[in-house]
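# Working through the structure, step by step
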Amino acid sequence: MSTKQTLTFPRKLNDADAGFYFLGEQPHCNVAMVMLAVLAEEIPFEEMLTELWSAAEYVPRFLDRLQPAPFGIAAPSWTPADQFEAREQVREVRLAPGSNWEDALSVVDKLQETDFPGHRPPWEILLINGCPAGRALFVMKVHHALSDGTALSLLFAKAFGKAFLEQSGLEVEAVSEAPTSQTALRWALRDRGSATVDFARRTRRRLPGLLHRPTRRREWESVRQLARPRYRQHPSEFGTRRRLSGFRIAASDWNDEAAARNGSANDLYLAIVANAMRRRFPQWSLDIFPLQMVMPVDLREESATQDGGNVTGVSVVELDGDPRHLRDLHTVRQRTGEAKANARTMEPTLFDEVVQQLPGRLRGGVQYREFATRDVVATNVPVPIQGELCGVPLEMMFMVAPSIGTAVSFSLTSYGENLYLAANADVAVVPGGLDKELSATLRDVFGEAAALRDGSLIPASTVDGS
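Residues numbered from 1 in each chain as written. Predicted model: local features only at pLDDT ≥ 70, side-chain atom pairs only at ≥ 80, totals over all residues. Heavy atoms only, no water.

### Here we look at the overall build of the protein chain
Along its length, the protein chain carries 16 helices and 17 strands. A compact globule built from 466 residues should have a C-alpha radius of gyration of about 23 Å, and the protein chain, at 22 Å, falls within 12% of that. Its C-alpha atoms give the protein chain principal-axis dimensions of roughly 65 × 55 × 50 Å. Classification of the 466 residues of the protein chain by burial places 52% in the buried group. Partitioning the intrachain contacts of the protein chain with sequence separation of at least 6 by distance along the chain shows that 77% fall at a separation of at least 24. With an accessible surface of roughly 20,700 Å², the protein chain has 53% of that area assigned to carbon and sulfur atoms. (Helix = DSSP H or I, 4+ residues; strand = E, 2+ residues; numbered from the N terminus. Rg over C-alpha atoms; globule rule 2.2 N^0.38 Å. Buried < 20%, exposed > 50% of the residue type's maximum accessible area, 1.4 Å probe, protein only. Contact = heavy atoms within 4.5 Å. Areas by Shrake-Rupley, 256 points an atom, 1.4 Å probe, with all protein chains shown as cover.)

### Re unusual backbone geometry
Look at F71: it is not a glycine, yet its phi comes out positive at around 60 degrees. Tracing the backbone through its elements, the reader meets F71 in the loop between strand 3 (64-67) and strand 4 (77-80). The phi dihedral of N262 is positive, around 65 degrees, even though this residue is not glycine. Mapped onto the elements of the fold, N262 is located in the loop between helix 9 (251-260) and helix 10 (265-280).

### Regarding the pattern of salt bridges
Going through the model one piece at a time under the given rule, you end up with 23 salt bridges. The partner of R242 in a salt bridge is D426, and the shortest N-O contact between them spans 3.6 Å. Of this pair, R242 sits in strand 9 (residues 242-250) while D426 sits in strand 17 (residues 418-426), and the two are 184 residues apart along the sequence. The burial state of R242 is the same as that of D426; both residues are buried. Across the pair D287 and R278 runs a salt bridge, and its minimum N-O distance is 3.1 Å. (Salt bridge = Lys/Arg side-chain N within 4 Å of Asp/Glu carboxyl O.)

### So, the packing of aromatic side chains
For the structure shown, the criterion picks out seven aromatic pairs. Pairing W53 with W123 gives two aromatic rings, centres 6.2 Å apart and planes at 50 degrees, and the pair type is tilted. Separated by 70 residues along the polypeptide, W53 in helix 2 (residues 45-55) and W123 in strand 6 (residues 123-129) bring together distant segments of the chain. A relative accessible area of 6% places W123 in the buried class. Geometrically, the ring pair formed by W254 and F446 is tilted, given 5.5 Å between the ring centres and 35 degrees between the ring planes. With W254 in helix 9 and F446 in helix 15 (residues 435-446), the pair connects residues that are 192 residues apart, well separated along the chain. W254 sits in the buried class, given a relative accessible area of 0%. Every member of this aromatic cluster is reached through a ring pair, and the members are W53, F62, F84 and W123. (Phe/Tyr/Trp six-rings, centres within 6.5 Å; stacked < 30°, edge-to-face > 60°.)

### Quick notes on the nonpolar core
M48, L137, F138, I272, L389, V408 and F410 are the most contacted members of the largest nonpolar core, which totals 120 residues. If one sorts the elements of this core by residue count, helix 10 sits on top with nine residues. Setting aside anything within four residues of it in sequence, one finds I272 in contact with W254, L326, L421, L438, T441, L442, V445 and F446. (Core = buried A, V, L, I, M, F, W, Y, C linked by side-chain atoms within 4.5 Å.)

### A word on the sheet that holds strand 2 (residues 32-39)
Strand order in the open sheet formed by six strands is 5-6-7-2-15-14, and the pairing between neighbours is mixed. For this open sheet the edge positions go to strand 5 (90-94) and strand 14 (388-389), each flanked by a neighbour on one side alone. In the packing of helix 4 (residues 101-113) onto the sheet, contacts are made with strand 2, strand 5, strand 6 and strand 7 (136-143), and the angle to strand 7 comes to roughly 20 degrees. (Pairing = 2+ DSSP bridges. Axes fitted to C-alpha atoms, helices over the stretch in contact; angles between N-to-C directions.)

Here is the structure:
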């Protein structure tokens, strides 16, 4: 039985998309998401360029750009990009002979640091040839305002998993709103008016709730957290440079270890993240002030038609990274379950609603202060297909989350028979990244199979089949 999944890409950004756009306007913010795939062998650049451009028709949003609203009075709008050259979006880099995976990922780090051009679509693709063992890296950088990890994985299937879709009976369609001739100012005024009316309607509906003490306490706490924030690092200390670490672990090994420790695969993931952070920052006194770990929660409903933008909630888990919680995941499982339940049922506060109505740069500044009160982001992204590019299989897949106002973002990607753990560190806060700390924690859990070779950021078994 075939099923169809439609992703819609309207002209107007939803509130989450708009938030990421305005965060990207902040001087210390980097809102780039990265998809990194290891190809089984090198592919010719021209052949890849031709295939990618033919795939653009499947994802029309990739030919749009963001048009800022005049004076920042509303969120930007998606509009067809002016004529641009394919080679402005898609480039090739060839590593020097004898290069290792660390050399390859340093190229990815530099790609992450570059700004998105305003006059072109907010994405860029890089093909890195000359990787160890005859492999290549396919790297795609995307502005977080374009979509979230769930929708991107479906778009990835649409563009790179045609054979899988045919076999599975799943049909993915991406639909963009047709362009109009209205001016940016008219759209901005229209969007501003619509947002104001919606805000007034929601406020009237929720005002009676302020009669209840728990509601008032929650509203006050949301204001207090920004009025008197608790920072480990002040927002001005963050930067836009990144350091990427990547590890592969067999999904069966990961699941077995999680079950043996009385938890799920996600519980083990969060415990590993917390333990690595405890190793890296002993001065943070995590026994007294636990890590504030942000877990994005997918809020998409079971529907054949989905918003192609960001549709996620936020849950916050407090963990101290103590090794005993890594050995027995009961505490992690309990706290994670509570946080996820709260994220799915909790409405934004009235203060959150007010922040969404602020002019763009002011809104971005307030949200950045809020993001900086957290320590890490830990997201989990399943990629449901085995992809290929120019007939060459994509052996590995890392969906790398942006680090926005946090020291590190972590991503766990499920692809094929393996799980791929990525740490994306802000080098202004975490010089050198988390290679050593993550390696040590993974060794504690999985043994020496997780050891690294030659300063590589990917385990040796990943690239040479050993």
